Amino acid sequence: MKNLSSKFKKTKKNILNSNLLKISIFLFCVFFVFLLKNIYYKPNLGSFVGSGIDKSGNVYVLGAKDESHYKVTKINKKGIIEFEKTLESKIDNYLYNYRNITTDPQGNFFLIKEMRDYEEIVSELSLQNIVKESVVMFDAHGNLIKTLAELDFSETSNKHTSGYIRKTQIVDQKFSVINITDNVVSVNSRNLSSQEELKKETSFEYLSPLVFNENPGLWINDICVLSSGKVFYSTKDGDLFFNDNSGNSVNCKLLLNKNNSSVSGISIDQDDNIYFTDLFDGTFYKLDSKSMNLSAVYNLWSSVMGEIRIKDLRKITAVDRDDFYAPSKNFNKPFYVRFGSKEFVIDKIRYSMFSKDFLFTVLICVIFSALVLLAIEIIKRFSFSKIKILTRTTLMFLPPFISVMLFLVFIITNYLSKDYKNVFKNYQNMEVTIISENIDGDEIENISNNFDYSSQEYFNLKSKINTICEDLRNKIGDKSDYAVIYAINGNKIYSIVSSKYFPSNSESKERLKFTDPDMITLEFVLSDCLLEEHEMKNLKGVSEKLASGEKVCFYEFDDIYGKIVGCFAPIKNSEKKLVGFVGNYFDESVHLKDETNKIFIKFLSLIGIISLMVILYFYFAIKFLLSPLEKLREGINYFVKGNRKTKIKINSNDEIQDLSVAFNDMTENIENFTNDLVTVNKQYLRFIPKELLNLLDKESIMEVKLNDNKETYLPFVYITFNIDCAEFENSKEMHDILFGIISKLFINLFKIIEDNGGIVQNFSGLNATILFSGELINALNSVNQISEMKIDRRIKQNIRMILGCGSILLGVIGSEARCGVSAISDELLRLIEIDAHMQNLGIKNVATESFISKIPEDIKENCRLLGKCTDSKTNRDYNIYELIDSYGFRRKNMFMKTKKVFENAINEYYNKNFKNARKLFSDVIKIDEKDRVSIYYLNKCDIFINNNQNKNQYILDNFSKNLF
């Protein structure tokens, strides 16, 4: 046991000092960090503001991280992040906002940049005045190139809260900036391939309804300009207008051939074809601006690519003729789709393996590896093999105690959070009921039938909703995020009014201003155009429940910031028919997260203090109770050091005192038996190795009993020495020389076997059986090392070794007076049978099929197939392999040259193709004339080929698969 412990400590020390271990730790850390970074760590694109695509398929996503930080992320068509560009956030007293990202064919991207006075006191950030507007250009690597256009209002009284630069447009190399100021549309253009400045291309005035007099520019919903300078634009009431170079505007609504429409998302290709979506029914149209021929390209339920449909996508834009791009509606798992003539989808967005963070990642790995190596160094210098019972007991107590405490905190927090959520639900219920009771159902029905955004009736409804929401907010506080009015027309649901677009003091609305949540829109829109499929199912479920008579119902939705809880109340007309409903939405992540964190931290702190007090009391109580054990430990230490007469005196009147008395009695008895027992053990272990006892699961020779046995699976080696005593003269002197040679042989043999973890089960002057409890490779190494031993020539040339593995029965046999450990195995008997025939073939070292099948492929290359043998008991065939490594360099080289031909000849022989086999064996002998096995097979082939009897019958009668 002592030797085993010493070997373990030595091995442990070698491992800890190994440079290979340090390198392995470093490489593992690098691999782990990259695995985490590239597989599990996905980039945060921010809140979706907009995106664009270049002709190479790279997608540029503009996202808002918070109210003052924006970034652009470039993603290639394989989903790998090319770069992340953090945009300038603020300077002095000014805050920058960004919108409307567009790209050119070379991959440059353009942004509209707004400078706002963030020190201005307003009810919400979106109402801060714009001091400066500009269009900035970046290259394909995210580097700022220049400012293309700029409007400066810092020195004028012309302040405004919504941007005058409405849109940038790129078709081929033509870059256009579209401004809308009051009732005037101006288009300025330039060629990107030249250095010219923006030049005014066209301008015209348009009319807006009285309800938009405060900011008439908002009446235009979307706009685009043709290469000729003509302009198409849509309005908030869903109409599509065409303005020629003379300033005349023509309503193109008749082209749609229907009464109601809601045109949005206008884009253009290089042939001046116009593309737009009618949000009233979800149809995506193409308009030939030359022939004014309108055709429907897709409808809301059309599949554009695989299972992806138009209703899954946001605003569709034209990249080129019959080539379209759109981002997904899904906030949680965004994808970017290119469809039409060029189809691909980006859905798995990840960082590149060698991104700009590579050096930082390697630095983290180096630091982590250094910490691990420092810990290893501490382990080497200080022994942690002993853990005090005080520490052990405390550590055993801590996990269940802390787990119970954390579980208690979780239960309390979860319980209080549910109560807090129920409070909000009650407020939502109250608010949605009040809103629905103040809305005239006949008015909603009339609006849903006329779809007139410019009507005073529609404007009055929006003002009424705003007033109700503000009044509720002033009375009961900010208990919801926004309210949406839905109209039901046939089997379709339309979103017609949202309170989000009215000023308020709601903190949650400040977050929502960066991007339009799916739930809301300023336009009269079919809800299928806004929502994902599962959200529409919820809305239809709401409609069915409210139609069945329910007064209020709740549903959950996934929106940009997480879970949105919607509370819904019906809107009925004078005939009590459901014509719409109100949705009051509540963002859990805004309202509940902070409150839940406060509850969690409060209870965690309280329970943490209690836990600390309990742990300290527990620690000192155990320390006091276990203090007598220190005396007992000191007494045992004295005893271990050799002081057999050690006595311990403890007066604790408990079990520890009884233990000390028992210890004193034990020391008196142990002293009488120790010396004799040690001596006997040493003598026995000379005849029965301790490792052999370990295979029998015995710690000591004293535990061994007659008939003890155990079956195990082991590799083993059978060695025969075949010593020719006739070479030594029959004299006392020569006998001494013979035994001296044999003794030296076994000294070297035992050392090789011990170094490779082997056990000599039995040995004599003629043979030895060696078992290996470790890896098979150890047995093979032993055979190779024994073959290379420097011993007497007369013995070395006669040593033969056979490797095998299989089930072996180890047991104690004999009588009570004398016994020993014996090994019984069918595989071992096979080795003995094989050895009897090896000398005739001139073979030194072989291995059975059971052994060869379990060694690595690269080691098998140094073995060659000799043939088959038949088990005399089971009558089954098994292959025999010759170990080429055990020969000298010249013989090994010859064997390796002829191995492939030799093994092909063996296969031909056993397939009874004797002529082919003879030819191949002849080829082997031509290269290696000393290959006795090939000569042996060649002779057998001649017998079968040249026999004059009925050849087939002779072969059947005389052919044997047995090699020998």
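Computed from a prediction, not measured in an experiment: that's the story for all the values here.

Comments concerning the packing of aromatic side chains
What describes a pair of aromatic rings is the distance from one ring centre to the other and the angle between the planes of the rings. One pass over the full model with this rule turns up 30 aromatic pairs. Between Y233 and F241 the ring centres are 5.3 Å apart and the planes differ by 15 degrees, which places this aromatic pair in the stacked class. Residue classification places F241 among the buried residues on the basis of a relative accessible area of 18%. The interplanar angle of 75 degrees and the centroid separation of 6.5 Å between the aromatic rings of Y910 and Y937 together place this pair among those described as edge-to-face. Note that Y910 is positioned in helix α20 (residues 889–910) and Y937 in helix α22 (residues 932–946), a separation of 27 residues in sequence. Across the pair, exposure class does not vary: Y910 and Y937 are buried alike. Three or more aromatic residues link up through ring pairs in this structure, and these residues are F902, Y909, Y910, F914, F921, Y936, Y937 and F944.

Re the UniProt feature "transmembrane region" (unreviewed entry) in the chain
On the UniProt side, "transmembrane region" (unreviewed entry) is annotated at positions that read residues 20–41, 358–376, 397–416 and 599–622 here. In residues 397–416, helix accounts for 100% and strand for 0%; the two terminal C-alpha atoms are 29 Å from one another. Secondary structure over residues 599–622 splits into 100% helix and 0% strand, and the C-alpha atoms at its two ends are 34 Å apart.

Details of the pairing of strand β26 (residues 336–340)
Burial runs high along β26: four of the five residues are buried. Relative to β26, strand β25 (residues 323–327) runs antiparallel, the two sharing five bridges. Paired with P327 across the bridge in β26 is Y336. In the sheet, β26 pairs with strand β27 (residues 344–346) via three bridges, with the strands oriented antiparallel. Bridging from a neighbouring strand, R338 pairs with F344 of β27.

Things to note about the nonpolar core
Residues V717, I719, L803, F851, Y909 and F921 are the most contacted members of the largest nonpolar core, which totals 75 residues. The element that contributes the greatest number of residues to this core is helix α14 (residues 732–755), accounting for eight residues. Setting aside chain neighbours within four positions, we find F851 in contact with P715, L776, A779, L780, L803, G804 and C805. Residues V432, Y458, F557 and I571 belong to the second largest nonpolar core, which totals 63 residues.

Thoughts on the sheet that holds strand β24 (residues 317–320)
Taken together, four strands build an open sheet; the order of strands is β24-β25-β26-β27 and the sheet is antiparallel. The sheet is open, and its two edges are formed by β24 and β27, each paired on a single side. Strand-to-strand twist in this sheet, taken as the mean axis angle between neighbours without regard to direction, amounts to 25 degrees. Where β24 and β25 come together, three bridges link them in antiparallel fashion. Its bridge partner lying in β25, A318 is registered against F324.

Looking at the packing of helix α21 (residues 914–927) against α22
One way to put it is that α21 packs onto α22 with a least axis distance of 9 Å and a crossing angle of 150 degrees. Considered as vectors, α21 and α22 are oriented roughly antiparallel to each other. As for how α21 packs across α22, the hand of that crossing is left-handed. On α22, the residues touching F914, K915, A917, R918, F921, S922, V924 and I925 of α21 are S934, I935, Y937, L938, C941, D942, F944 and I945. For the contact of α21 with α22, the class distribution of residues is 11 nonpolar, two polar and three charged.

Observations regarding the pattern of salt bridges
Scanning all chains against the criterion turns up 22 salt bridges. Between K55 and D172 there is a salt bridge, with the nearest N and O atoms lying 3.9 Å from each other. Here D172 lies in the loop between β10 (165–171) and β11 (174–181) and K55 lies in the loop between β1 (47–53) and β2 (59–66), a separation of 117 residues in the sequence. Judged by its relative accessible area of 32%, K55 is partly exposed.

Side note on the state of the cysteines
When the sulfur atoms of two cysteines share a covalent bond, that bond is a disulfide. Scanning the entire structure with this criterion turns up zero disulfides. Cysteine C553 remains unbridged, with the sulfur of C567 as its closest cysteine sulfur at 7.4 Å. The buried category is assigned to C553, whose relative accessible area is 4%.

Details of helix α6 (residues 441–450)
Residues that lie three or four places apart on an α-helix share one face, since the helix turns once every 3.6 residues. Every buried residue belonging to α6 is among G441, E443, I444, I447 and S448, and all of these are buried. Angular distribution of buried residues about the axis of α6 spans 155 degrees; they occupy a single face of the element. Measuring from the side-chain oxygen of the N-cap residue of α6 to the backbone nitrogen of D442 gives 3.0 Å; that N-cap residue is D440.

Comments concerning the sheet that holds strand β16 (residues 240–243)
With antiparallel pairing, the four strands of this open sheet are ordered in space as β14-β15-β16-β17. Two strands close off the open sheet at either side, each with one partner strand: β14 (220–225) and β17 (249–251). Across the sheet, the mean angle separating the axes of adjacent strands is 25 degrees when strand polarity is ignored. Of the strand pairs in this sheet, strand β15 (residues 231–235) and β16 are connected by four bridges, and their pairing is antiparallel. In the sheet register, F232 faces β16, and the bridge partner there is F242.

Things to note about a nonpolar patch on the surface
A grouping of I402, L406, F600, I601 and L604 is seen on the molecular surface, where their side chains present a nonpolar patch of about 420 Å² in accessible area. Looking at the nonpolar patch, the element that brings in the most residues is helix α10 (residues 588–625), giving three residues. Inspection of the secondary structure assignment puts I601 in helix α10. Residue I601 is classed as exposed on the basis of its relative accessible area, which comes to 52%.

A closer look at the pairing of strand β12 (residues 184–191)
Note on strand geometry: in a regular strand, side chains alternate between the two faces of the sheet. In terms of burial, β12 is largely enclosed, as six of its eight residues are buried. Summarising the sheet, β11 and β12 pair through eight bridges and their orientation is antiparallel. Its bridge partner lying in β12, F175 is registered against R190. Connecting β11 to the next strand, β12, in antiparallel fashion are two residues, including D182 with a positive phi near 55 degrees.

Topic: the packing of α20 against α21
Look at α20 against α21: their axes get within 8 Å of each other, and the N-to-C directions meet at 165 degrees. Of the possible angle classes, the one that applies to α20 and α21 is roughly antiparallel. Seen from above, α20 lies across α21 with left-handed handedness. Of α21, the residues touching α20 (which contributes M894, T898, V901, F902, N904, A905, I906, E908 and Y909) are F914, N916, A917, L920, F921, D923, V924 and I927.

Topic: the side chain of D272
Tracing the backbone through its elements, the reader meets D272 in the loop between β18 (263–268) and β19 (273–278). K290 provides the closest opposite charge to the buried, salt-bridge-free D272, at an N-O distance of 6.1 Å. Within the local environment of D272, its side chain forms a polar contact with the side chain of S227, the two groups lying 2.6 Å apart. Not counting residues within four places of it along the chain, the set of residues in contact with D272 comprises L226, S227, S228, L287 and S289.

Examining the confidence of the model for the chain
Taken residue by residue, the chain gives an average pLDDT of 78. The fraction at 70 or more is 77%. Here residues 501–507 is a poorly scored stretch, pLDDT under 50, and it has 23 contacts once near neighbours within four places are set aside; other chains count.

Considerations on the environment of T181
Structurally, T181 is set in strand β11. A relative accessible area of 28% places T181 in the partly exposed class. Here the alpha-carbon distance between T181 and P216, two residues 35 residues apart in the chain, equals 8.2 Å.

Observations regarding helix α11 (residues 628–640)
Here α11 contains 13 residues, and its C-alpha end-to-end distance of 19 Å stays within 8% of the 18 Å for a straight helix at 1.5 Å per residue. Within α11, burial applies to P628, L632, G635 and F639. The arc that holds every buried residue of α11, seen down its axis, measures 60 degrees, which confines them to one face.

Quick word on the environment of S51
Relative to the helices and strands, S51 is located in strand β1. Separated by 22 residues in the primary sequence, S51 and T73 have C-alpha atoms spaced 9.3 Å apart. Setting aside its immediate chain neighbours within four residues, S51 contacts Y60, V61, I101, Y325, P327 and Y336. Here the side chain of S51 touches Y325 through a polar contact of 2.6 Å, side chain to side chain.

Conventions adopted
Residues numbered from 1 in each chain as written. Predicted model: local features only at pLDDT ≥ 70, side-chain atom pairs only at ≥ 80, totals over all residues. Heavy atoms only, no water. Phe/Tyr/Trp six-rings, centres within 6.5 Å; stacked < 30°, edge-to-face > 60°. Buried < 20%, exposed > 50% of the residue type's maximum accessible area, 1.4 Å probe, protein only. Helix = DSSP H or I, 4+ residues; strand = E, 2+ residues; numbered from the N terminus. UniProt positions renumbered as here; feature names shortened; annotations may be inferred. Pairing = 2+ DSSP bridges. Core = buried A, V, L, I, M, F, W, Y, C linked by side-chain atoms within 4.5 Å. Contact = heavy atoms within 4.5 Å. Axes fitted to C-alpha atoms, helices over the stretch in contact; angles between N-to-C directions. Parallel < 35°, antiparallel > 145°, perpendicular 65-115°, else oblique. Left-handed = near helix turned anticlockwise from the far one by under 90°. Nonpolar A, V, L, I, M, F, W, Y, C, P; charged D, E, K, R; others polar. Salt bridge = Lys/Arg side-chain N within 4 Å of Asp/Glu carboxyl O. Disulfide = S-S within 2.5 Å. Arc of directions from axis to C-beta. Polar contact = N/O pair within 3.5 Å; in protein donor to acceptor, adjacent residues only side chain to side chain. Patch = residues over 30% accessible without salt bridge, like charges linked within 9 Å, V, L, I, M, F, W, Y side chains within 5 Å. Areas by Shrake-Rupley, 256 points an atom, 1.4 Å probe, with all protein chains shown as cover. Lys, Arg positive; Asp, Glu negative; His and termini not counted. pLDDT = per-residue confidence, 0-100. Expected span 1.5 Å × (residues − 1).

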